[in-house]
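# Results of the structural survey
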Amino acid sequence: MAAARLARAAPTAAGAALHAAGGRLPLPGGDTEIDWKAYMAQVEGVINGTYDYTQLQGDTGPLVYPAGFVYIFMGLYYATGQGTDIRTAQHIFAVLYLATLLLVFLIYHQTCKVPPFVFFFMCCASYRVHSIFVLRLFNDPVAMALLFLSINLLLARRWGWGCCCFSLAVSVKMNVLLFAPGLLFLLLMQFGFRGALPKLGICAVLQVLLGLPFLLENPIGYLSRSFDLGRQFLFRWTVNWRFLPEALFLHRAFHLALLAAHLALLFLFAFCRWHRTGESILSLLKDPSKRKVPPQPLTPNQIISTLFTSNFIGICFSRSLHYQFYVWYFHTLPYLLWATPARWLTHLLRLLVLGLIELSWNTYPSTSCSSAALHICHAVILLQLWLGPQPFPRSIQHSKKAH
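Scoring rules and cut-offs
Residues numbered from 1 in each chain as written. Predicted model: local features only at pLDDT ≥ 70, side-chain atom pairs only at ≥ 80, totals over all residues. Heavy atoms only, no water. UniProt positions renumbered as here; feature names shortened; annotations may be inferred. Helix = DSSP H or I, 4+ residues; strand = E, 2+ residues; numbered from the N terminus. Buried < 20%, exposed > 50% of the residue type's maximum accessible area, 1.4 Å probe, protein only. Contact = heavy atoms within 4.5 Å. Areas by Shrake-Rupley, 256 points an atom, 1.4 Å probe, with all protein chains shown as cover. Phe/Tyr/Trp six-rings, centres within 6.5 Å; stacked < 30°, edge-to-face > 60°. Lys NZ or Arg CZ within 6 Å of the ring centre and 35° of its normal. Axes fitted to C-alpha atoms, helices over the stretch in contact; angles between N-to-C directions. Parallel < 35°, antiparallel > 145°, perpendicular 65-115°, else oblique. Nonpolar A, V, L, I, M, F, W, Y, C, P; charged D, E, K, R; others polar. 1 Å grid on protein atoms, 1.4 Å probe; cavity = no way out; pocket = protein on both sides within 12 Å on 5 of 7 lines; lining within 4 Å. Points joined across faces, edges and corners; volume = space filled by probe spheres on them. Expected span 1.5 Å × (residues − 1). Salt bridge = Lys/Arg side-chain N within 4 Å of Asp/Glu carboxyl O. Polar contact = N/O pair within 3.5 Å; in protein donor to acceptor, adjacent residues only side chain to side chain.

Named according to an unreviewed UniProt entry, the protein chain is Dol-P-Man:Man(5)GlcNAc(2)-PP-Dol alpha-1,3-mannosyltransferase originating from Callorhinus ursinus. Reading the Pathway (unreviewed entry) entry of the UniProt record for the protein chain gives the comment "Protein modification; protein glycosylation." According to the UniProt record, the Subcellular location (unreviewed entry) comment for the protein chain reads "Endoplasmic reticulum membrane".

Structure representation (structure tokens):
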């Protein structure tokens with residue numbers, strides 16, 4: 001009878017584990033492998049001497065990440081016994097998770113905007129983020145850790161090193177480019193066009209150096225695979241557009257409409273919220289000393305607000321968000337919700353927004369309701385970013401101009 005009860009319970013336990021793993025049963029190492037084996041196969045191809053990106057394949061498809069990904073995961077390949085020691089890989093990613101939290105806390109420490117109790121939710125309340133880091137072993141956490149290191153360097157006024165780390169993050173995964181419009185605005189505001197060119201040059205040169213072995217072998221193949229902006233996403237994995245018909249989700253006109261909305265909102269924030277000196281936005285191209293209103297040193301909140309808002313706008317208008325993409329903005333959400341005080345958005349409502357976002361990302365498979373709830377929460381955050389006080393106050397700069 002005991003054996004019979006165990007036999008009946010086994011499918012139930014397996015089903016629960018399968019659901020918790022996002023549709024895949026845990027392996028003996030304790031992970032729910034999705035892309036790790038594919039990563040190792042792609043890296044192994046490079047180790048074996050294949051530098052043509054069009055020939056590098058894994059179980060889940062071709063290699064579609066830039067060269068920085070290859071080098072970092074090549075190190076992990078050797079550190080984990082050719083990718084077979086999953087337990088060691090999990091330990092490495094656990095350390096990466098703690099390092100990411102440290103980098104994020106260093107950023108928030110300079111803002112003095114977010115109540116301390118919120119950090120409990122950031123550390124302890126997200127099953128999905130813990131899964132992405134320690135169980136799934138995706139490359140997204142690696143890219144975001146480098147991005148947060150870059151922001152810390154920018155806050156320390158190490159602009160060159162900050163741009164270098166930013167470019168390194170882009171070389172792991174292209175999603176970091178969502179921060180690029182904000183970074184460009186900050187560089188122009190701080191240095192003008194000529195002063196920003198060396199910093200942009202650092203980003204470009206590092207990409208060329210990292211990709212050089214692959215560019216020499218097949219430049220078109222490398223660029224088309226690693227920086228493919230038109231890659232098609234599968235409807236079955238979308239978190240944010242489940243309520244749409246699949247035909248509309250896949251339609252090119254829908255993608256172009258999202259791109260247009262993304263660019264339009266970026267320009268609106270740049271013209272109306274970030275640039276508030278009273279001069280034309282073209283004045284950013286001038287040397288700072290030649291502007292009518294000489295710029296003040298950028299404050300930590302100005303740097304962080306611009307970068308986080310730039311990324312968040314891109315998230316809102318993404319063609320598709322997959323479950324591992326949650327780490328693209330999870331650690332920025334407390335700042336976006338609490339940095340701009342709004343009377344209508346109480347602490348309880350902000351926590352409710354965080355909770356609904358977490359629930360949406362933990363709903364597998366996604367539903368029309370979970371996707372709609374995610375968009376509603378994004379709209380609330382965008383609305384308060386637009387209506388709330390900005391870190392670039394117009395009145396202070398005007399008074400300095402008059403003085």
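The next subject is the overall build of the protein chain. When its secondary structure is counted, the protein chain shows 17 helices and two strands. When burial is assessed residue by residue, the protein chain has 51% of its 403 residues classed as buried. A fraction of 75% describes how many contacts in the protein chain between residues 6 or more apart in sequence connect residues 24 or more apart. A total accessible area of about 18,300 Å² is found for the protein chain, and carbon and sulfur atoms account for 70% of it.

When the UniProt feature table is mapped to this numbering, "transmembrane region" (unreviewed entry) covers residues 63–80, 92–111, 166–188, 200–216, 253–272 and 325–344. Counting secondary structure, residues 63–80 comes out at 72% helix and 0% strand; the distance between its end C-alpha atoms is 20 Å. The straight-line gap between the two end C-alpha atoms of residues 253–272 is 28 Å; of that span, 100% is helix and 0% is strand.

Our next topic: the packing of aromatic side chains. As enumerated under the stated definition, the model contains 37 aromatic pairs in all. A ring pair is formed by Phe73 and Phe93, whose centres lie 6.5 Å apart and whose planes are at 50°; its orientation type is tilted. Here Phe73 is found in helix H3 (residues 67–79), whereas its partner Phe93 is found in helix H4 (residues 86–109), with 20 residues between them in sequence. Phe93 matches Phe73 in its accessibility class, with the two residues each being buried. Seen from their ring centres, Tyr222 and Phe227 are 6.3 Å apart, and the 85° between their planes marks the pair as edge-to-face. Counting every residue linked through ring pairs, the aromatic cluster contains Trp36, Tyr39, Tyr65, Phe69, Phe73 and Phe93. For the cation-ring pair, Lys199 lies above Phe191, with the distance from its terminal atom to the ring centre recorded as 4.4 Å.

Turning to the packing of helix H7 (residues 140–155) against helix H8 (residues 159–170), a few remarks are in order. Running from N to C, H7 and H8 cross one another at 170°; their axes reach a closest spacing of 8 Å. The pairing of H7 with H8 is recorded here as roughly antiparallel in orientation. Between H7 and H8, the residues in contact are Ala143, Leu146, Leu147, Leu149, Ser150, Leu153 and Leu154 and Trp159, Trp161, Gly162, Cys163, Cys165, Phe166, Leu168 and Ala169, respectively. Residue composition of the contact of H7 with H8, grouped by class: 13 nonpolar, two polar and no charged.

In this structure, the largest pocket encloses a volume near 840 Å³. Lining of the largest pocket is provided by 30 residues; of these, Met174, Leu178, Leu229, Phe233 and Arg319 occupy positions nearest its centre. Lining the second largest pocket are 27 residues, with Asp35, Thr60, Arg231, His322 and Gln324 positioned closest to its centre. Put simply, the parts of the chain that give the lining of the second largest pocket at least two residues each are helix H2 (36–47) and strand S2 (61–62). Along the lines of polarity and charge, the residues of the lining of the second largest pocket split into 13 nonpolar, seven polar and seven charged.

All right, on to the environment of Phe227 then. Structurally, Phe227 is set in the loop between helix H10 (219–226) and helix H11 (246–250). By relative accessible area, which is 25% here, Phe227 ends up partly exposed. Distance from Phe227 to Lys173, taken between C-alpha atoms, is 9.1 Å for residues 54 residues apart in sequence. With residues near it in sequence (within four places) discarded, Phe227 still touches Pro66, Val170, Met174, Gln207 and Tyr222.

The first and last C-alpha atoms of helix H13 (residues 300–316) sit 24 Å apart over 17 residues, in line with the 24 Å expected at 1.5 Å per residue. Across the 17 residues of H13, 16 count as buried, placing the element largely inside the fold.

Right, let's talk about unusual backbone geometry for a bit. Following Tyr364, the chain continues to Pro365 via a peptide bond in cis, the omega torsion being -10°. Counting through the fold element by element, Pro365 comes out in the loop between helix H15 (347–362) and helix H16 (368–387). Phi is positive for Leu137, which is not a glycine, with a value near 60°. Structurally, the position occupied by Leu137 is in the loop between helix H6 (127–135) and H7. When its relative accessible area of 0% is taken as the criterion, Leu137 is described as buried.

Another aspect to go through is the pattern of salt bridges. Within this structure, the stated rule accounts for one salt bridge. Between Asp140 and Lys173 there is a salt bridge; the shortest N-O distance is 2.7 Å. With a gap of 33 residues between them, Asp140 in helix H7 and Lys173 in the loop between H8 and helix H9 (180–217) connect regions that are remote in the sequence. Asp140 sits in the buried class, given a relative accessible area of 0%.

Turning to the side chain of Gln324, a few remarks are in order. Mapping Gln324 onto the fold places it in the loop between H13 and helix H14 (333–338). Apart from residues no more than four positions distant in its own chain, Gln324 is found in contact with Ile132, Phe138 and Asp140.

Turning next to the environment of Trp241. In this fold, Trp241 is placed in the loop between H10 and H11. Judged by its relative accessible area of 9%, Trp241 falls in the buried class. On a C-alpha basis, the gap between Trp241 and Ser370 in space is 9.4 Å, while along the polypeptide they are 129 residues apart. In this view, Trp241 contacts Phe235, Phe249, Phe254, Leu258, Cys316, Ser318, Arg319, Ser320, Ser371 and His375; residues no more than four positions away in its chain are not counted. A polar side-chain atom of Trp241 sits 3.4 Å from the main-chain carbonyl oxygen of Arg319.

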